[in-house]
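Summary of structural features
So you can see what is in the structure, the chains are spelled out below.
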Amino acid sequence: MIQLLERSSAELECPDFGLKLAAKQGGISVLGPLAIAMSNSRTVGEAYRYCSTHLQVYGSMLGISMESDPQQGRSFMRFEILLGRVPQQRQTVENALGLTHLAVLALSGGKFGAREVWFEHPAPTVPSVFAQDYFGCPLNYGKPFNAVFFATEDLAQPVVNQNPELYELASSFIELR
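Quick look at the structure, then.

Each value, and the rule that gives it
Residues numbered from 1 in each chain as written. Predicted model: local features only at pLDDT ≥ 70, side-chain atom pairs only at ≥ 80, totals over all residues. Heavy atoms only, no water. Phe/Tyr/Trp six-rings, centres within 6.5 Å; stacked < 30°, edge-to-face > 60°. Helix = DSSP H or I, 4+ residues; strand = E, 2+ residues; numbered from the N terminus. Buried < 20%, exposed > 50% of the residue type's maximum accessible area, 1.4 Å probe, protein only. Lys NZ or Arg CZ within 6 Å of the ring centre and 35° of its normal. Expected span 1.5 Å × (residues − 1). Patch = residues over 30% accessible without salt bridge, like charges linked within 9 Å, V, L, I, M, F, W, Y side chains within 5 Å. Areas by Shrake-Rupley, 256 points an atom, 1.4 Å probe, with all protein chains shown as cover. Salt bridge = Lys/Arg side-chain N within 4 Å of Asp/Glu carboxyl O. Axes fitted to C-alpha atoms, helices over the stretch in contact; angles between N-to-C directions. Parallel < 35°, antiparallel > 145°, perpendicular 65-115°, else oblique. Left-handed = near helix turned anticlockwise from the far one by under 90°. Contact = heavy atoms within 4.5 Å. Core = buried A, V, L, I, M, F, W, Y, C linked by side-chain atoms within 4.5 Å.

Moving on, we come to the packing of aromatic side chains. With the rule as written, the count across this model stands at 10 aromatic pairs. Residues Phe112 and Phe150 carry aromatic rings whose centres are separated by 6.4 Å and whose planes lie at 80 degrees to one another, so their mutual orientation is edge-to-face. On the criterion of sequence distance, the pair formed by Phe112 in the loop between helix H5 (90-107) and strand E3 (116-118) and Phe150 in strand E5 (residues 146-151) is long-range, its members being 38 residues apart. No difference in accessibility class separates Phe112 from Phe150, as the two residues are buried. Taking the centre distance of 5.1 Å and the plane angle of 80 degrees together, the rings of Tyr134 and Phe135 count as edge-to-face. According to the relative accessible area criterion, Tyr134 is buried, its value standing at 14%. An aromatic cluster of at least three residues, connected via ring pairs, comprises Phe119, Phe130, Tyr134, Phe135 and Tyr141. Positioned above the aromatic ring of Phe130, the side-chain terminus of Lys20 is 5.5 Å from the ring centre.

Next up on the list: H5. With 18 residues, H5 extends 26 Å from end C-alpha to end C-alpha; this agrees with the ideal 26 Å at 1.5 Å per step. Burial within H5 is extensive, with 15 of its 18 residues counted as buried. Looking one or two residues beyond H5, the residue adopting positive phi is Gly109, at roughly 65 degrees.

Moving on to a nonpolar patch on the surface. A cluster of nonpolar side chains, Ile36, Leu166 and Leu169, forms an exposed patch at the surface whose accessible area comes to about 280 Å². Following the sequence through the fold, Leu166 ends up in helix H7 (residues 164-176). Classification of Leu166 as partly exposed rests on a relative accessible area of 38%.

This part covers the packing of helix H4 (residues 44-54) against H5. In the contact formed by H4 and H5, the axes pass within 10 Å of each other and the chain directions differ by 140 degrees. The pairing of H4 with H5 is recorded here as oblique in orientation. Between H4 and H5 the crossing geometry is right-handed. Contact residues: H4 offers Val44, Ala47 and Tyr48, while H5 offers Thr100, Ala103, Val104 and Leu107.

Next up on the list: the nonpolar core. Grouped together as the largest cluster of nonpolar side chains are 42 residues, with contacts concentrated most on Met38, Tyr48, Leu97 and Phe135. For this core, the element with the most residues is H5, which contributes 7 residues. Beyond its immediate sequence surroundings of up to four residues, Leu97 is in contact with Met77, Phe79, Val117, Trp118, Phe119, Phe135, Asn146, Ala147 and Val148. Grouped together as the second largest cluster of nonpolar side chains are 5 residues, Phe76, Trp118, Phe145 and Phe149 included.

See below:
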């Protein structure tokens, strides 16, 4: 998958291919049953904590964790590819962080999105207007890890249109896998 996205980007001469793909994929829905559990969690923060502990349902190559930076009054979802020796990851990382941003917008009913985004990879040689417009927040490259930052109080916001019964059904299904 990682190399497929990188190759597609190169062959199509589209340096922000992963992010444009995320826009077409529509956010959280790509996660199947995990999306159902997240969409029916009580809060946005609980949705992402659930995702971070159950993402292995989709494979062991990706890792996310929810962390906080109390001094800055913010929390962040850290994303990493757990495979060693994968030199090109830009498209997969940008796709994942783009999906995260769309998912937060959906879970919060559009009340908030990413406040800042960090990428480990260097900035593109030609800045992507699409990327800046897509996230609508500061984008920082060459950082020590990949992450989407939120105001800590944002994560306490309730998930819109949640259904506790659907949460129970989806989480039970995921636990059996």
